[in-house]
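# Commentary on secondary and tertiary structure
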Amino acid sequence: MTSHSAVAPLKVGDEDFLVASMIERCPKGMMLRELVMNALEAARHAPPENRLVEIRPYEHNGTSKLVIWNTGPGMSAQDLHKMCDIAASIGKEKSLTGNFGMGAKVASLPSNQHGMRYRSCKDGLVSEVILCKREDAYGRLRRKDESGFVHEVVDVTDLAKEEGYDTAFDWTEVVLFGNRPDQDTVRDPYNGDPPQDAQWIATYLYHRFYRLPEGVRVVLKKGTNKLDGNRAFDPIPARLERHFEKHETVTTERGIKIHYIYDAPYDKAASHNRSISGAIASAVSTCAVVYRDEMYDVGKGRIWTQNAPIFGIPFGARHISVHVELPDDAAVISDGYRQFLRYSSGEQSQLSAKDFAELVRDYRPVWLLDLIRSFAPERASSDDIRVELQKLLNDLQVQRTGPRVELNGPVMADPGIAPGAEPDGPGRGAPRSSGGGNPVGHKP
């Protein structure tokens, strides 16, 4: 803008505080999403035969560090320097509905204040920069060369070749050093808060990325998955034919696709679903909203089985998954950190899978209705129901009170004239005319 513009643009009064605030407010769990999404977006521009993303361990001073590596257009030293700034991106259009240009850095630095190393190979030259937090400020680590000159981006081509990197094609790599030198970021990416299990990488990918870009392969190298050796990551749709008993996609009048999936019980372990066989990720059933090939508001395990009845699945939810896929032009927008979706109009409230429960109920296929009925429990007697109800009340620590009969209690009960009472021959009931004047007993 010039001095004659109608608006004087706002400035940032405290840049360090703004940067730290943006970084430290970001949910930790978005780190892997941002790093992998950047890798996928780059790899899809590589030659068809070389579209690859690898997640692997890297031994650094005796400690395993997590690496995300991808083929695709590399970055020069100048590109790498520019990329490190907040709200900066290389080769991407920034927009509120697309790439914000700050995701991977913002999402990763809270859990990698000791450092996160970017390397990129472009035209045979490998450049390196380390982002970290020092003296309460986030930024590029400054390093001196042999002549005493300070650099923020370093040429490491010779070092990369010594370490076995191929510089014949472009690639980019990120290494996560964590918040302390001895932190194993493969097993413990968040320094224990929150703790993660051995399959956290595969499970996160499985419950976030619904599809991969065409031709892109994602490989979890040995040490980054719970099984032996290298394993390919296949999202849910890619596994349907081989691992699931039955599935169907229904398209509604609004263009929304509802994916109904049945994962049969595993014959070797009744507590698991069949798709657990050979899987590197959790095989629990899920309910989620899918938008532009990503999963949002994922409900799984107990959360899903508790909510399943409102979707019309009162029985068998542990084996049934429902994924509601919105069209690309749906009136929704992701939040700043891409953690959840909001409606783009009105109050812009947060979108939930429950918003589509009625739609899911209305479009249930016939085979699914039959399946739900097959999982319904056998008809129970009133005594069985009473026992189960009492167990539930005991578990919830709920006390219930009821009338207790006392011969000389303050309230007189007269069972003989209660509504619905039937004559039951002579007895101790309240007297009622029976023609001969004899008292008649009553059965309530």
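Structure: above.
Residues numbered from 1 in each chain as written. Predicted model: local features only at pLDDT ≥ 70, side-chain atom pairs only at ≥ 80, totals over all residues. Heavy atoms only, no water.

This structure, assessed with the given rule, holds 3 cavities of 30 Å³ or more. For the largest cavity, the lining is made up of 13 residues, of which Tyr206, Phe244, Val284, Thr286 and Ser321 are closest to its centre. Looking at side-chain class alone, the lining of the largest cavity contains 6 nonpolar, 6 polar and 1 charged residues. (1 Å grid on protein atoms, 1.4 Å probe; cavity = no way out; pocket = protein on both sides within 12 Å on 5 of 7 lines; lining within 4 Å. Points joined across faces, edges and corners; volume = space filled by probe spheres on them. Nonpolar A, V, L, I, M, F, W, Y, C, P; charged D, E, K, R; others polar.)

Moving on: the layout of surface pockets. Computed from the structure, the second largest pocket encloses a volume of approximately 620 Å³. Every residue lining the second largest pocket is counted, 22 residues in all, and those nearest its centre are Asp16, Ala137, Tyr138, Gly139 and Arg140. Breaking the lining of the second largest pocket down by element, the ones donating at least two residues are helix H1 (15-24), strand E4 (125-134) and strand E5 (137-140). Considering every element that reaches the lining of the second largest pocket, the biggest residue donor is H1, with 5 residues. Grouping the constituent residues of the lining of the second largest pocket by class yields 11 nonpolar, 1 polar and 10 charged. (Helix = DSSP H or I, 4+ residues; strand = E, 2+ residues; numbered from the N terminus.)

A few words on helix H2 (residues 31-43). Here H2 is 13 residues long and its end C-alpha atoms lie 19 Å apart, about the 18 Å a rise of 1.5 Å per residue gives. Counting buried residues along H2, 11 of its 13 residues qualify, which places the element largely inside the surrounding structure. Within the sequence span of H2, burial applies to Met31, Leu32, Arg33, Glu34, Leu35, Val36, Met37, Ala39, Leu40, Ala42 and Ala43. (Expected span 1.5 Å × (residues − 1). Buried < 20%, exposed > 50% of the residue type's maximum accessible area, 1.4 Å probe, protein only.)

Taken as a whole, this structure holds 5 aromatic pairs when the rule is applied. Seen from their ring centres, Trp304 and Phe311 are 5.5 Å apart, and the 70 degrees between their planes marks the pair as edge-to-face. Here the two residues Trp304 and Phe311 agree in accessibility, since each one is buried. Seen from the ring of Tyr296, Arg208 lies directly overhead, with NZ or CZ sitting 4.6 Å from the centre. (Phe/Tyr/Trp six-rings, centres within 6.5 Å; stacked < 30°, edge-to-face > 60°. Lys NZ or Arg CZ within 6 Å of the ring centre and 35° of its normal.)

With that settled, the discussion passes to the nonpolar core. Ranked by internal contacts, the top residues of the largest apolar core, which has 54 residues, are Leu35, Tyr118, Leu205 and Leu220. With 8 residues, the single largest contributor to this core is H2. Among all residues touching Tyr118, those that are not within four sequence positions of it are Leu35, Leu80, Met83, Ala104, Lys105, Ser127, Glu128, Val129, Leu131, Glu173 and Val174. Ranked by size, the runner-up nonpolar core spans 32 residues in total, among them Tyr291, Trp304, Leu326 and Leu359. (Core = buried A, V, L, I, M, F, W, Y, C linked by side-chain atoms within 4.5 Å. Contact = heavy atoms within 4.5 Å.)

What follows covers the sheet that holds strand E16 (residues 286-291). Pairing within the open sheet is mixed, and its 5 strands lie in the order E12-E13-E18-E16-E17. Strand pairing shows two members of the sheet lacking a second neighbour, strand E12 (246-251) and strand E17 (294-300), which therefore form its edges. This sheet shows a mean twist of 15 degrees between the axes of neighbouring strands, independent of strand direction. Strand direction decides the pairing type here: strand E13 (residues 257-262) and strand E18 (residues 320-326), joined by 6 bridges, are antiparallel. For Ile258, the partnering residue across the bridge sits in E18 and is Val324. (Pairing = 2+ DSSP bridges. Axes fitted to C-alpha atoms, helices over the stretch in contact; angles between N-to-C directions.)

With that settled, the discussion passes to the pattern of salt bridges. What the rule picks out here adds up to 22 salt bridges. The shortest N-O distance in the salt bridge between Arg117 and Glu128 comes to 3.9 Å. You can see Arg117 sitting in strand E3 (residues 116-122) and its partner Glu128 sitting in strand E4, a full 11 residues away along the chain. Of the two residues, Arg117 and Glu128, both sit in the buried class. A salt bridge links Arg180 to Asp182, with the shortest nitrogen-to-oxygen separation between them at 2.6 Å. (Salt bridge = Lys/Arg side-chain N within 4 Å of Asp/Glu carboxyl O.)

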